[in-house]
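# Structure assessment
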Amino acid sequence: WSKLAMHKRVQLLINWYTWIKNHQDEFIELITLEIGKPKSDATGEFIRGLEVLQYAISLQPLTSGKHAKVNHNISIHSVKEPLGVCVGICPFNFPFMIPMWTIPIAIALGNTIIIKPSEKVPSCLTLLAEGAILSGIYPGVINLVQGGVKVVNKLIEHKDTKAITFVGSTNIGHKIHNLASINRKKVQCNMGAKNHAVITSNSDLNTAVNGIVGAAFGGAGQRCMAISVVIIIGDNSQFIKKLKQKIDKINIIEEMGPLINQNAIDNINIHIDHSLKQNSEIILDKRLDVPSTGFYMGPVVLKTNVNTNIYNNELFGPVLSIINTTSLENAIQIINENPYGNGTCLFSDSLQEVSMFQD
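Numbering of residues starts from 1 in each chain and follows the order in which that chain's sequence is written. With pLDDT at 70 or above as the cut-off, local features in this predicted model cover only qualifying residues; side-chain atom pairs require 80 or more to be listed or tallied, and sums for whole chains, interfaces and linings still use all residues. Water and hydrogen atoms play no part in the side-chain values, which are based on all heavy atoms of the structure.

Let us now look at the overall build of the protein. For helices the rule is a DSSP run of H or I covering at least 4 residues; for strands it is a run of E covering at least 2, with both sets numbered from the N terminus onward. Helix and strand content of the protein: 13 helices and 13 strands. The C-alpha radius of gyration of the protein comes to 23 Å, within 12% of the 21 Å expected for a compact globule of 359 residues. For the C-alpha atoms alone, the extent of the protein along its principal axes is close to 65 × 60 × 40 Å. To sort residues, take the accessible area from a 1.4 Å probe on protein chains only and compare it with the maximum for the residue type: under 20% means buried, over 50% means exposed, and anything in between is partly exposed. Each of the 359 residues in the protein was classed as buried or not, and the buried ones make up 48%. Considering only contacts in the protein between residues 6 or more positions apart, those separated by 24 or more positions represent 74%. Per-residue and other accessible areas follow the Shrake-Rupley method at a 1.4 Å probe size, with only the shown protein chains counted as cover for residues. Of the roughly 17,800 Å² of accessible surface on the protein, 52% is carried by carbon and sulfur atoms. With the radius of gyration taken over C-alpha atoms, the globule rule is written as 2.2 Å times the number of residues to the power 0.38. The contact rule is simple, with two residues in contact once any of their heavy atoms fall within 4.5 Å.

Dropping the structure here:
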């Protein structure tokens, strides 16, 4: 595979892209069946995943080496070569998109890949692998392995494994990173998140509320880019009022979907109960306003502080923490001191505040 001309690998990727596109409805149905996402969410995931394959098809310039003349009798010539066998370890929340972050890039550049989906969502990757074979991609280029922690450890430790990529919780990510480092493997771990949004007195409240409700409760909060903390500068009772009104209108089945299992719900409830003992206060609680069957959990909004259990853990569910502070400087300090990523957001119509926040 690594010796195959780049344009021939690209043609096989184009064949695979066409096959996946022709089976769009089947993939969207599988995503919905496996994780319970509303069809609109599943469709969005499919489109985003396919975009990465489109990008991989354009990667040919990255394979070029370099030539440089240092002086009259010394020149340097560099060649880029594939690493070899890569391993992708994927989470449950995006059973199509996250595998597509890894597979097309790895194989387009001449590597082979062993991909291990979450044991909670095995089917999308099975269909992807089947499509790869039917598209002419060589046997052994994309390898699908099901299983849990023992399988992951064996894949990391194996002498032929050259690189590992992981998306998932911080706890598991630390273990994978440590084991990979001990075995001297290239490794990247995309782990837990605590994404903050800041509301200033200069923000448009309708824009802020619409954005935050979608980001906090879409996908039932099971997204690594979900907004889980809102920092309000000053006393903004109008924002809280509009936030409640917007959340009350959420259709839990059509706009949120269920959590992955009962353990996820139980874990979130434990964190909420613990934080209430740490002086957190529930502003809105719709946990019981859910269908009678399925792992549904309604939105929860709490007023809290940076010392609570709920603030210092990634809940991966429909829970939004509200923190009040007195200035944008304080809000920025709170965000920068949080040990998690991945992103942050400011709602403001003030150019000065926007520039300050970006810096």
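That shown, we press on.
Before going further, it helps to spend a moment on a negative patch on the surface. Distance thresholds for patches are 9 Å for like charges and 5 Å for nonpolar side chains (Val, Leu, Ile, Met, Phe, Trp, Tyr), applied to residues having over 30% relative accessible area and no salt bridge. Salt bridges are identified by distance alone: a Lys or Arg side-chain nitrogen within 4 Å of an Asp or Glu carboxyl oxygen. When charges are counted, neither His nor the chain ends are considered; positive counts come from Lys and Arg and negative counts from Asp and Glu. Lysine's charge is taken at NZ, arginine's at CZ, aspartate's at CG and glutamate's at CD. A cluster of acidic side chains, namely D25, E26, E29 and E130, defines a negative patch on the protein surface. If you tally residues by element for the negative patch, the top one is helix α2 (residues 24-35), at three residues.

The sheet built from six strands is open, its strands ordered β10-β11-β12-β9-β8-β13 with mixed pairing. The strands lining the two open edges of the sheet, one partner per strand, are β10 (281-285) and β13 (344-347). In this sheet, neighbouring strand axes are inclined to one another by 20° on average, regardless of whether the strands run parallel or antiparallel. Between any two strands, at least two bridges found by DSSP are needed for them to pair. Pairing of strand β9 (residues 227-233) with strand β12 (residues 319-325), which is carried by five bridges, proceeds in the parallel orientation. The residue bridging V229 from the neighbouring strand is S321, located in β12. Inter-axis angles, ranging from 0 to 180 degrees, are taken between N-to-C directions of lines fitted to C-alpha atoms, where helices are fitted over the stretch in contact.

This part is about the layout of surface pockets. Cavities and pockets are defined on a 1 Å grid built over the protein atoms alone: a cavity is a set of grid points where a 1.4 Å probe fits but cannot escape, while a pocket is an open set with protein on both sides within 12 Å along at least five of seven lines, and lining residues are those with an atom within 4 Å of any such point. Grid points are joined across faces, edges and corners, and a volume is the space filled by probe spheres set on the points. Volume-wise, the largest pocket comes out at about 1,100 Å³. Looking at the largest pocket, it is lined by 42 residues, and the ones nearest its centre are F92, F166, G168, S169 and I172. For the lining of the largest pocket, the elements supplying multiple residues, two or more each, are α6 (149-157), β6 (161-167), α7 (170-182) and α11 (262-276).

Looking now at a nonpolar patch on the surface. There is a patch of nonpolar side chains on the surface, built from V70, I74 and I76 and spanning about 260 Å² of accessible area. Here V70 shows up in strand β1 (residues 66-71).

The next thing to look at is the nonpolar core. To define a nonpolar core, start from buried Ala, Val, Leu, Ile, Met, Phe, Trp, Tyr and Cys residues and group those joined through side-chain atoms within 4.5 Å. Grouped together as the largest cluster of nonpolar side chains are 84 residues, with contacts concentrated most on W16, I20, I107, V230, F239 and L320. In terms of residues, this core owes the most to one element, helix α1 (residues 6-22), which gives eight residues. Apart from the residues lying within four places of it in its own chain, the contact partners of I107 are W1, R9, L13, W16, I113, I137, V141 and I142. Counting 13 residues, the second-largest nonpolar core is a separate cluster that includes I233, I323, I334 and I335.

Right, let's get into empty space enclosed by the protein. With the rule as written, the count across this model stands at three cavities of 30 Å³ or more. Secondary-structure elements contributing two or more residues to the lining of the largest cavity are β9 and β12. For this scheme, ten residues count as nonpolar: Ala, Val, Leu, Ile, Met, Phe, Trp, Tyr, Cys and Pro. Four count as charged, namely Asp, Glu, Lys and Arg, and the remainder, Gly too, count as polar. When grouped by side-chain class, the residues that make up the lining of the largest cavity number nine nonpolar, five polar and three charged. Along the wall of the second largest cavity there are 13 residues; nearest its centre are I35, K37, D41, G219 and Q222. Per-class residue counts for the lining of the second largest cavity are five nonpolar, five polar and three charged.

The next subject is the sheet that holds strand β7 (residues 186-190). One open sheet accounts for five strands, arranged β5-β4-β3-β6-β7; its pairing is parallel. At either end of the open sheet lies a strand with only one pairing partner, and these are β5 (142-144) and β7. Sheet twist, expressed as the mean angle between neighbouring strand axes with direction ignored, is 15°. Pairing geometry for β6 and β7, over five bridges, is parallel. By the bridge assignment for β7, I164 is matched with V187.

Here the focus is the environment of I182. By the element assignment, I182 lies in helix α7. For the pair I182 and E157, spaced 25 residues apart in sequence, the C-alpha separation works out to 8.9 Å.

Okay, the packing of aromatic side chains next. Pairing of aromatic side chains here covers Phe, Tyr and the six-membered ring of Trp, requires ring centres within 6.5 Å, and sorts the geometry by plane angle: under 30 degrees stacked, over 60 edge-to-face, intermediate tilted. Within this structure, the stated rule accounts for six aromatic pairs. On the numbers, 6.2 Å between centres and 80° between planes, the contact of W19 with F27 is edge-to-face. Relative accessible area serves as the criterion here: at 13%, W19 is assigned to the buried category.

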